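Close look at the chain arrangement
Spelled out from the first residue to the last, the chains are:
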Amino acid sequence: MRSILLHALLMYVLCSGCSKVGSSSPASTEVISLHPVFHTPITASAAARPAAQVDVIDASEAWFFTAELYLAVQSSRFPQDTWVLLPINRGDFEGCMKRFIQLPFEVTDGDTLVFNLLDDDELTSAQETLIVNACRASGYCVVVAGAAYSGGSAQLIAPVAMTVADVLGEAIIDDFHFQRFENLGTAEFTAVLPLPANPRESNKLTLLDDSNYARVQLRLYGPRVPLVLQPSPESDPVNDHE
């Protein structure tokens with residue numbers, strides 16, 4: 001009888017221990033909240049925030065001129081009037097043919113990202129300066145309901161119990177419309193987690209215009225630690241974050 005009781009107690013302890021291990025999950029995969037601006041989940045996992053290696057293939061425009069390239073990004077989870085805007089060859093990145101950037105929102109399986117390559121033809125010099133300066137710290141700004149906001153605040157990546165107004169702050173441009181840009185290419189990407197740890201493991205995503213001409217290619221990945229913006233063309237976050 002004693003052996004039977006001891007055996008039952010042992011099985012209870014073993015089963016209890018297995019159940020505890022099996023039911024636990026890494027904290028980084030648990031949804032803490034939803035982002036008030038992007039409506040995307042927040043898990044505080046760096047690998048869930050897509051990064052992009054941006055390769056400029058051709059930035060020429062009208063023979064001897066250079067296009068002012070911007071990348072507009074939207075997720076299928078975003079509100080319809082919300083975008084992330086990245087200067088590609090403007091400001092600190094003028095003349096660069098390659099750059100790295102990590103986006104300020106997370107993705108989950110099945111999320112679709114849309115990328116539009118835009119050429120600035122109508123922004124005033126003052127407006128472009130405002131956008132470039134707003135993107136200097138983080139590499140991007142946010143466009144919501146026809147207004148542009150700086151992306152440099154830490155609250156944008158991990159807002160905690162904050163409203164949209166608290167996260168965005170004051171608009172840098174109140175009247176901002178994508179109709180003023182020329183579209184030079186589009187591509188879609190469907191997220192499958194885990195994302196590749198570095199760009200070498202990811203497939204090329206080519207942005208094509210109406211004639212299937214490519215000016216920019218992307219490699220999307222999920223760095224295991226957050227990227228630090230390094231505007232120098234010689235910087236290579238790949239080696240630091242594999």
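Note that the coordinates shown come from a computational prediction; the quantities given were computed from them, not determined experimentally. (Residues numbered from 1 in each chain as written. Predicted model: local features only at pLDDT ≥ 70, side-chain atom pairs only at ≥ 80, totals over all residues. Heavy atoms only, no water.)

Let's talk about the overall build of the chain
Note the following rule: A run of H or I in DSSP counts as a helix once it spans at least four residues, and a run of E counts as a strand once it spans at least two, with each numbered from the N terminus. Burial classification: accessible surface area is computed with a 1.4 Å probe over protein chains only, and a residue below 20% of its type maximum counts as buried, one above 50% as exposed, and the rest as partly exposed. Contacts were defined at the residue level, with two residues in contact if any of their heavy atoms lie within 4.5 Å. Residue exposure ignores everything except the shown protein chains as possible cover, and the areas themselves are Shrake-Rupley values with a 1.4 Å probe.
Along the backbone of the chain there are four helices and 14 strands. For the chain, buried positions account for 47% of its 242 residues. Long-range contacts, defined as pairs at least 24 residues apart, comprise 69% of the intrachain contacts of the chain with a sequence gap of at least 6. Counting every atom, the chain has about 12700 Å² of accessible surface; 57% of that belongs to carbon and sulfur.

Observations concerning the packing of aromatic side chains
The following threshold applies: The rule is short: rings of Phe, Tyr and Trp, with Trp giving its six-membered ring, pair when the centres are within 6.5 Å, and they are stacked under 30 degrees, edge-to-face over 60, tilted in between.
With the rule as written, the count across this model stands at eight aromatic pairs. When the centroid spacing of 4.9 Å and the interplanar angle of 20 degrees are considered together, the rings of Phe 38 and Phe 78 count as stacked. Highlighted residues: Phe 38 in the loop between β1 (33–34) and β2 (41–42) and Phe 78 in the loop between β6 (69–75) and β7 (82–87), separated in sequence by 40 residues. An identical accessibility class is assigned to Phe 38 and Phe 78; each is buried. Their ring planes at 75 degrees and their centres at 5.8 Å tell us that Tyr 70 and Phe 181 sit as a pair that is edge-to-face. Residue Tyr 70 is found in strand β6, and its partner Phe 181 is found in strand β12 (residues 181–190); the two are separated by 111 residues along the sequence. Each of the two residues, Tyr 70 as well as Phe 181, counts as buried. Taken together, the ring pairs in this structure connect Tyr 70, Trp 83, Phe 176, Phe 178 and Phe 181 into an aromatic cluster.

Observations concerning the pairing of β7
What counts, and what does not: One bridge is not enough; two strands pair if DSSP finds at least two bridges between them.
Among the six residues in β7, six count as buried, and that is most of the element. Side chains of β7 alternate between two faces, with Thr 82, Val 84 and Leu 86 and Trp 83, Leu 85 and Pro 87 buried alike. Examined bridge by bridge, β6 and β7 share four bridges and lie antiparallel to one another. Paired with Val 73 across the bridge in β7 is Val 84. Taken together, β6 and the strand that follows it, β7, pair antiparallel across an intervening segment of six residues. Note: β7 against strand β10 (residues 141–144), four bridges, orientation antiparallel. Its bridge partner lying in β10, Trp 83 is registered against Val 143.

A word on the nonpolar core
Considering soluble globular proteins, one finds that nonpolar side chains tend to be buried as a cluster. As a reminder, the rule being used: To define a nonpolar core, start from buried Ala, Val, Leu, Ile, Met, Phe, Trp, Tyr and Cys residues and group those joined through side-chain atoms within 4.5 Å.
With 39 residues, the main nonpolar core has Leu 69, Val 84, Phe 105 and Phe 115 as its most contacted residues. Excluding its chain neighbours within four sequence positions, the residues that come into contact with Leu 69 are Val 56, Ala 59, Leu 86, Pro 87, Ile 88, Asn 89, Arg 90, Leu 117, Leu 118, Leu 184 and Val 216. Formed by 15 residues, the second largest nonpolar core is a distinct cluster that contains Leu 85, Leu 118, Val 143 and Phe 176.

Describing the confidence of the model for the chain
This is how the line gets drawn: What pLDDT reports is the predictor's confidence in each residue, on a scale of 0 through 100.
With 82% of its residues at a pLDDT of 70 or more, the chain has an overall mean of 82. Across residues 1–28, where pLDDT falls below 50, the model places four contacts with residues more than four positions away in sequence or in other chains. The low-confidence segment residues 231–242 (pLDDT under 50) makes 26 contacts with residues lying over four places distant or belonging to another chain.

Looking at the pairing of β10
On β10, burial covers both faces: Cys 141 and Val 143 on one face and Val 142 and Val 144 on the other are all buried. Here β10 pairs with strand β11 (residues 147–150) via four bridges, running antiparallel. Bridged to Cys 141 within β11 is Ser 150. If you look at the hairpin formed by β10 and β11, you'll find two residues sitting between the two strands, and Ala 145 has a positive phi there, around 55 degrees.

Here we look at the pattern of salt bridges
For clarity, the cut-off: Whenever Lys or Arg places a side-chain nitrogen within 4 Å of a carboxyl oxygen from Asp or Glu, that contact is recorded as a salt bridge.
Inspection of every chain in the model, using the stated rule, returns four salt bridges. One salt bridge in this structure joins Asp 111 and Arg 77, with 2.9 Å as the shortest N-O distance. Here Arg 77 lies in the loop between β6 and β7 and Asp 111 lies in the loop between β8 (98–102) and β9 (112–120), a separation of 34 residues in the sequence. Of the charged contacts in the structure, one is a salt bridge between Glu 128 and Arg 90, with a shortest N-O distance of 2.7 Å. Placement of Glu 128 in helix α2 (residues 125–134) and of Arg 90 in the loop between β7 and β8 is noted, with a sequence separation of 38 residues between them. Pair check on accessibility: Glu 128 and Arg 90 agree, each one buried.

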